[in-house]
Each structure stands twice: as structure tokens, then as C-alpha cells.
Amino acid sequence: MPLSRSLSMTSLSGLLPAWEEDQLPTDDLLLFEVAWEVTNKVGGIYTVIQTKAKVTVDEWGENYFMMGPYYEHNFKTQVEECECPHPAIRRAMDALINNGCQVHFGRWLIEGNPYVILFDIGSAAWNLDRWKGDLWQNCHIGLPFHDREANDALILGSLVAWFFKELTDELGDKPNVIAHFHEWQAGPGLILSRSRSIPLATVFTTHATLLGRYLCAGNADFYNNLDKFNIDKEAGERQIYHRYCLERAAAHCAHVFTTVSHITGVEAQHMLQRKPDVITPNGLNVKKFSAMHEFQNLHSTNKARIQEFVRGHFYGHLDFNLEKTLYFFIAGRYEFSNKGADIFLESLSRLNYLLRVHRSDLTVVVFFIMPAKTNNFNVESLKGQAVRKQLWDTAHDVKEKFGKKLYDALLKGQIPDMSTILDRDDFTVMKRAIYATQRHSLPPVTTHNMLEDTEDPILTNVRRIGLFNSRNDRVKIIFHPEFLSSTSPLLPMDYEDFVRGCNLGVFPSYYEPWGYTPGECTVMGIPSVTTNLSGFGCFMEDQVSDPAAYGIYIVDRRFRSADESCNQLTQFMFSFCQQSRRQRIIQRNRTERLSDLLDWRYLGRFYVHARHLALGRAFPEKFKVNPIAPLKTEGFRYPRPYSVPPSPSASVPSTPHHSDEEEDEGEVYDEDEEAERDRLNIRAPFTLAAAPHGKSGN
């Protein structure tokens, strides 16, 4: 679902200079994008290709096609079946169908409605042994019979290469074909196409290297030992040598090799032995509101919904002021170390200590949204929401009765006797409701019954640091071990609404090739913490001169020890707690202003450049390109916000507080004036020097 943002005076949309590179002659070209996650949600690549679809369709129109595996349920629920409008593509599909392979065509029901060509892997499985032999004969890569995923990837790749062979034979010299392959699962199609000398321009994008993900999951000191790993040995020990060979062969066979971030580019250079030709950052499909500050209103509305959940979860221990409570969260796959949950928990322990030492009346409630093995909701959590609802109903009934008696008395011109307006039964009902909130145990840390409670990494570390939601703790923890849903009886909120209601997203990842979660926070105007080992963090460091002033806090996990990184993260969170309500509102305005940086309308230009480069290398007689000209990019180099004083002490109080007097003090801020200064300081976005120009041959 596209994320929304406000159209305010701070929006830079429409003010950016036009891109000067010549557009590709798309009428004379066909673009195919191959990925395992086309109509098939598995991980983050699904988000990449889904959100990028509209921008690509706007550029290529009817000449853009996505390709992936066919799954009956996904096809019936996400695809509108239709006839292929392109005769050559239809004949290429028929060639496969006539040989016993099932191929399906339709429009993917997402924004942009791109055409999709889906190959039924099961219908072609009888060819697997023959295709394994072809792969070994051409590439000397063998696949074990027990690796179902690798075998399915080979079947898909063989079908894709077969399709491209039939298509290029039908087309002849014109139009030319560009094929963009994502990740190692699509790699066999690229490898086989190149080994058979099929005339097409190829691009291969790795969103994370296979071996890199495995090594980081094993707690290896990855980035400090990139040049020291025996790659073949490490891949063999993890029984992924054949997958690693497919990935590396695809990277070397492609005309253009790309990665999603500079940090992943460094990784690929060591793991795959090829330096990326182009960095293609991941974007989002940014939508705009017509109201000027609607995203601020949405924050208040959704924060109130989170507060209702907190009232129920902490019933009997609700001795903290919800108006002085901040909501932090971490979300994503349950990769405890890779996602930085380990240093996050340690930093929360230190933050709790600082808040208690400073006798702060501020409370921080932290949500961990990471799916784990559970068997049901926690009874105590469900009871809390039931108690909250019962209290609300009781208060509502008494309020109605009180209001009616007050209304009748005022109509008679009398000031009612407040001691008689509620009778004894009313007080009895209220006392029973109060007694129902009594609790002899602490509020639960987790909302579900965990199947592996004693071995769960988050719960184990919560026990170690001793954050059990006691009354004295200023930091409370709620572990929600499944993804959010508006149909949940416990916390009925979609992820987007939940993010909008929080104050800070914390993603101190150790291994994060890009990182959509902080990007989604940015688009929704929510400050976030990221690291210089994530693609998003590196991107923001390049584009923004002072990311922290814009609500993007970047933890140094590359050049500091784990303890130093913990201290830095603790300081970031403590400084955030020191901000006043007005300062947080100002910061959310600044964060939301960075949305244009993450819009596919701008980041999609790197994909355009990669296609130019691939055409120039595949068809040099038709498409001229200077092969040694480097790709030079300059993004929005946001200056430090004008309203931020040179010294942090001038704008941040020494201890966390939210006094009314303080709201009118602090930094001077004029949103319109600051936005105008940012416009004047922004340089032309993404200037591509020596870009290839599309030239049609005779």
C-alpha cells in the first residue's frame, strides 16, 4: 500500500530541476524484470518491485513486463488474467506451452497494473535432470537434489532463458530486449541466457549477498574481516556453495551489476569479486495529502489508539502519565543480532538508568514487533484489554447518568448538589470497577504465549537486564511476536497506523543492505535511528549534512566497538527524551521534508542509468556509451536547518520535562522561512555525468 505524506510549504515536490539525461527510446525496446517475488511476497524484494512498478510503467507503458513463478493462490487473488497484446511475446509463450510447460499472463493488481508473465514450475519439473546437466556442462555448477529452492530456481531460470530464446528469434534485430534479474533465485535465467548467447542486455541486482547474510547471522565480525574470509570454504561449510556459485556467476555474467547501497557494494566486491557498476537505492511510492499538516494530525490520532492499548496492558500499574510517555519501536524479521535487537536492549537498560538517575517523570514504552513462534495470545494481555473496556463502559454509564441529572437541574435553574447527583449504587459500581483493576503480578513483557520461552533471545536478554515493567522502571517493554493487523483483538492497528502513532523508530542493524523500516518512518514524518552499516543510513549520510537535525540518528557500528555503539544509541534516545513536545513537532516537520529523497520518481533514475549502460555494452553499435566515464551523483545536500542553534545545549533542556512554560522557549522556528532556505540550498538532484545516449541504428 502506498505511503502517504503531507503537501506542505516544506514540500520540495515540483521545485526540483528536471533530469537532463536523454530518455531511452522505449518504443523500440522491451523491458523484462525477473524476480522470485513477482506476485509472491517473501521478503523485502517484493516491496521493491511492487512500489517501483508505477514509475516504470509510466516510463515504459505497454513495453514493460515482470516475470516470476506461478502460484495458483497468488494468481487468483492478485492477478487479472488477460491476453498478451504483443504478438511476439504471445508466440514465445505458445512455444513453451506447446512443449508441455504452463505459462500464465495477466495484469498485476497493484499501482501501475504492470503485465506479468508467470511460469508454472511444477509443470516443467520433469525437465529438471536435463537442465541440471546443461548447467553443469555450460557452467560447471552442480545442484544437490535435496535443495528444493535451488532446484526451483533452476527450473524458473531455464524457462526464462527458453522464453528469451524464442522471443529474440521472433523479434530479430528490433526491438531490442533488456532483462533485469533480481537476486540469486533469478540468476540461473541470466546465466543460461548469456551462455547461449541470446541477444539481450542484462542487469543483475543483488539486494544482499547470500554469504554475507549467513556470516552475519553467525555473529562473525563481518565488516572488519571482509578481505580475510576464505569465501569458498565459508560457503561450503554452510552448505550453500552451489547457491553462492549461482549468485557469483550471475554477477559476472551480467552486462551491468548493481547493488542497493554503497555498503552492500563493498560487501559484493569481496563476496562476489565484482565491483558494482551502479548503486540503485530503494525507494517508496510516496503519496501526498491535500491538507497542510495532516500527517501531524494522524500522529495524534494513532498515538491515542496506542495509548488505549497501553491503558489495558498496564492496568493496575498505570502509575505513569500517558501525556508524558514516548513510544519507541523496532520491527522486522526476527534476526536478533542482524537487526540490532541485542544492542537496542542493552541501550534501553542504560536509558532506564539515566532516566531514573535524573528523576525523570517521563516514561518510554518500547514495542518489539518481530514474528516468533507462538501458540496464542497471552491470557493476561487479553484480560487487560477486557478490563480496560469494562472500565470504559462503567465510566460511560455513570457519565450518562450524571449528565442527565445535571441537565435536568440546570433546566430548573438550580445548581445541583454534587453529593446527591450520584447515588450509592453509582459509587458501588465505580468501587467494583476499581477493585477489578487490582493486579498482583507485573504487566507481561510479551503479548503472546511463546513456544520457546526459555530460549527466545529477546526474553533471555530482558531477564538479563531486568526490565520487567516494574513501577520503578522508566522504560517499559512490550514484545509483540507477530506482525500487526487491524483485525487483531489485542492491538487492532495496521503497521502504517502504528508507525504514525509512535515517536521514534529504532533500527540499529548490523546487517541491513538497505532498510525499508527507517525509510517508511521518514515518509510518515517519524524520526528514526539507523546505522552506518545499513544502506539507508549510508544514503542519508551522503544526502544530508546533519541527519540528526532532521530526525535521522545514525549509530556508528562500523568503526566503534559494541559498547561504544550502545553508549551512542543510549545518548541518542536520551537526547530525544529531553526534547519538549514543541521540539518534537518541529523535528517531525523536518523529517517529513526528507520524503522526496526516497520517492521512486527520483531514485528510479539510477535504474534508468543502469539500463542505458547495459544497452551500451550489449549493443555498442546502436547505443553509444563512454565505458570509462564514472557515474557521478549528487543528491539533495540538505544543509543544517536554519533554526537549529550551533550548540545543542541552547535548544535541549538538561533533563527530560514537558512544562507549559518551556513550550514557548527554545529555538526560533518559522516553517515557511526554513523551507525557503532549504530550497535555495538544494543542488540539482542526481546529476549523471557522461550518461549513455540511446541511438537507434539504421
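Residues numbered from 1 in each chain as written. Predicted model: local features only at pLDDT ≥ 70, side-chain atom pairs only at ≥ 80, totals over all residues. Heavy atoms only, no water.

Engineer: Which residues make up the overall build of the protein chain, and what values do they have?
Structural biologist: Counting its regular elements, the protein chain contains 22 helices and 21 strands. Taking the intrachain contacts of the protein chain between residues at least 6 apart in sequence as the baseline, contacts between residues at least 24 apart amount to 77%. On the protein chain, roughly 29,300 Å² of surface is accessible, and the fraction owed to carbon and sulfur atoms is 51%. (Helix = DSSP H or I, 4+ residues; strand = E, 2+ residues; numbered from the N terminus. Contact = heavy atoms within 4.5 Å. Areas by Shrake-Rupley, 256 points an atom, 1.4 Å probe, with all protein chains shown as cover.)

Engineer: I'd like to hear about the pattern of salt bridges, residue by residue, with values.
Structural biologist: A complete count under the given rule lists 36 salt bridges for this structure. The closest approach of N and O atoms between Asp563 and Arg350, which form a salt bridge, is 2.8 Å. Note that Asp563 is positioned in helix α19 (residues 562-578) and Arg350 in helix α12 (residues 341-357), a separation of 213 residues in sequence. Exposure remark for Asp563: the relative accessible area of 42% places this residue in the partly exposed category. Through salt bridges with shared partners, a single network forms among Glu346, Arg350, Arg464 and Asp563. (Salt bridge = Lys/Arg side-chain N within 4 Å of Asp/Glu carboxyl O. Buried < 20%, exposed > 50% of the residue type's maximum accessible area, 1.4 Å probe, protein only.)

Engineer: Tell me about the sheet that holds strand β19 (residues 552-555), and please be specific about residues and values.
Structural biologist: One open sheet accounts for 6 strands, arranged β16-β13-β12-β17-β18-β19; its pairing is parallel. Looking at the sheet topology across the chains shown, the edges are occupied by β16 (475-480) and β19. Direction aside, neighbouring strands of the sheet carry axes that sit 25° apart on average. Pairing of strand β13 (residues 363-369) with β16 involves 6 bridges; the strand directions are parallel. (Pairing = 2+ DSSP bridges. Axes fitted to C-alpha atoms, helices over the stretch in contact; angles between N-to-C directions.)

Engineer: Please give an account of the nonpolar core that cites residues and values.
Structural biologist: Residues Phe32, Phe163 and Phe164 are the most contacted members of the largest nonpolar core, which totals 77 residues. Ranked by residue count, the leading element in this core is helix α5 (residues 148-171), at 13 residues. Grouped together as the second largest cluster of nonpolar side chains are 63 residues, Ile330, Phe367, Phe498 and Val499 included. (Core = buried A, V, L, I, M, F, W, Y, C linked by side-chain atoms within 4.5 Å.)

Engineer: Residue-level account of the packing of α12 against helix α15 (residues 457-465), with values.
Structural biologist: At a minimum axis separation of 10 Å, α12 and α15 run at an interaxial angle of 25°. As summarised for this structure, α12 and α15 are arranged roughly parallel, according to the angle between their axes. Classified by chirality, the crossing of α15 by α12 is right-handed. In this structure, α12 contributes Leu345, Glu346 and Ser349 to the contact, and α15 contributes Ile458, Asn461, Val462, Arg464 and Ile465. Within the contact of α12 with α15, the residues separate by chemical class into 4 nonpolar, 2 polar and 2 charged. (Parallel < 35°, antiparallel > 145°, perpendicular 65-115°, else oblique. Left-handed = near helix turned anticlockwise from the far one by under 90°. Nonpolar A, V, L, I, M, F, W, Y, C, P; charged D, E, K, R; others polar.)

Engineer: Residues and numbers for helix α3 (residues 87-97), please.
Structural biologist: Here α3 has its buried residues at Ala88, Ile89, Ala92, Met93, Ala95 and Leu96. In a view along the axis of α3, the buried residues occupy a sector of 150°, so they form one face of it. In this structure, the buried residues of α3 make contact with β2 (29-34), β3 (64-69), β5 (103-108), β6 (115-119) and α5. (Arc of directions from axis to C-beta.)

Engineer: Before we move on, could you go through the environment of Asp599 and cite the residues and values that matter?
Structural biologist: For Asp599, the location among the structural elements is in the loop between α20 (581-593) and α21 (600-618). For Asp599, a relative accessible area of 2% translates into the label buried. In this structure the C-alpha to C-alpha distance between Asp599 and Val55, which are 544 residues apart in sequence, comes to 9.8 Å. Discounting residues that sit within four places of it in the chain, Asp599 has contacts with Leu284 and Val286.

Engineer: Can you break down unusual backbone geometry residue by residue, with the values?
Structural biologist: In this model, His140 sits at a positive phi of 60°, which is unusual for a non-glycine residue. Tracing the backbone shows His140 in the loop between α4 (128-139) and α5. The class for His140 is exposed, based on a relative accessible area of 57%.

Engineer: Tell me what's going on with the confidence of the model for the protein chain, and back it up with residues and numbers.
Structural biologist: The predicted structure's coordinates, where accompanied by low pLDDT, should not be read in detail. Chain-level pLDDT for the protein chain is 86 on average; 86% of the residues reach the 70-or-more range. Counting contacts from residues 646-666, a segment whose pLDDT is below 50, to residues more than four positions away or on other chains yields 36 contacts. A low-confidence stretch, residues 681-698 stays under pLDDT 50, and its non-local contacts, those more than four residues away or across chains, total 59 contacts. (pLDDT = per-residue confidence, 0-100.)

Engineer: I'd love a proper account of the side chain of Arg243, names of residues and values included.
Structural biologist: In this structure, Arg243 sits in helix α9 (residues 241-253). Residue classification places Arg243 among the buried residues on the basis of a relative accessible area of 13%. A polar contact of 2.8 Å, which involves the side chain of Arg243, links it to the side chain of Asp147. (Polar contact = N/O pair within 3.5 Å; in protein donor to acceptor, adjacent residues only side chain to side chain.)

Engineer: Please provide a residue-by-residue account of the sheet that holds strand β8 (residues 201-206), values included.
Structural biologist: Read across the open sheet, the 9 strands follow the order β4-β5-β6-β3-β2-β7-β8-β9-β10; overall the sheet is mixed. The open sheet has two free edges, formed respectively by β4 (79-81) and β10 (278-279), since each of these has just one partner strand. Pairing between strand β7 (residues 176-182) and β8: 5 bridges, direction parallel. By the bridge assignment for β8, Ile178 is matched with Ala201. Its contacts with the sheet put α3 on β2, β3, β5 and β6, and the angle it makes with β5 is roughly 140°.

Engineer: Before we move on, can you summarise the packing of aromatic side chains with the specific residues and values?
Structural biologist: In this structure the tally under the stated criterion is 30 aromatic pairs. Between Tyr241 and Tyr244, the aromatic rings sit 6.1 Å apart at their centres with planes inclined by 45°, giving tilted as the arrangement. Of this pair, Tyr241 and Tyr244 are both found in helix α9, 3 residues apart, which corresponds to roughly one turn of the helix. On the basis of relative accessibility, which here comes to 37%, the residue Tyr241 falls in the partly exposed class. When its relative accessible area of 2% is taken as the criterion, Tyr244 is described as buried. (Phe/Tyr/Trp six-rings, centres within 6.5 Å; stacked < 30°, edge-to-face > 60°.)

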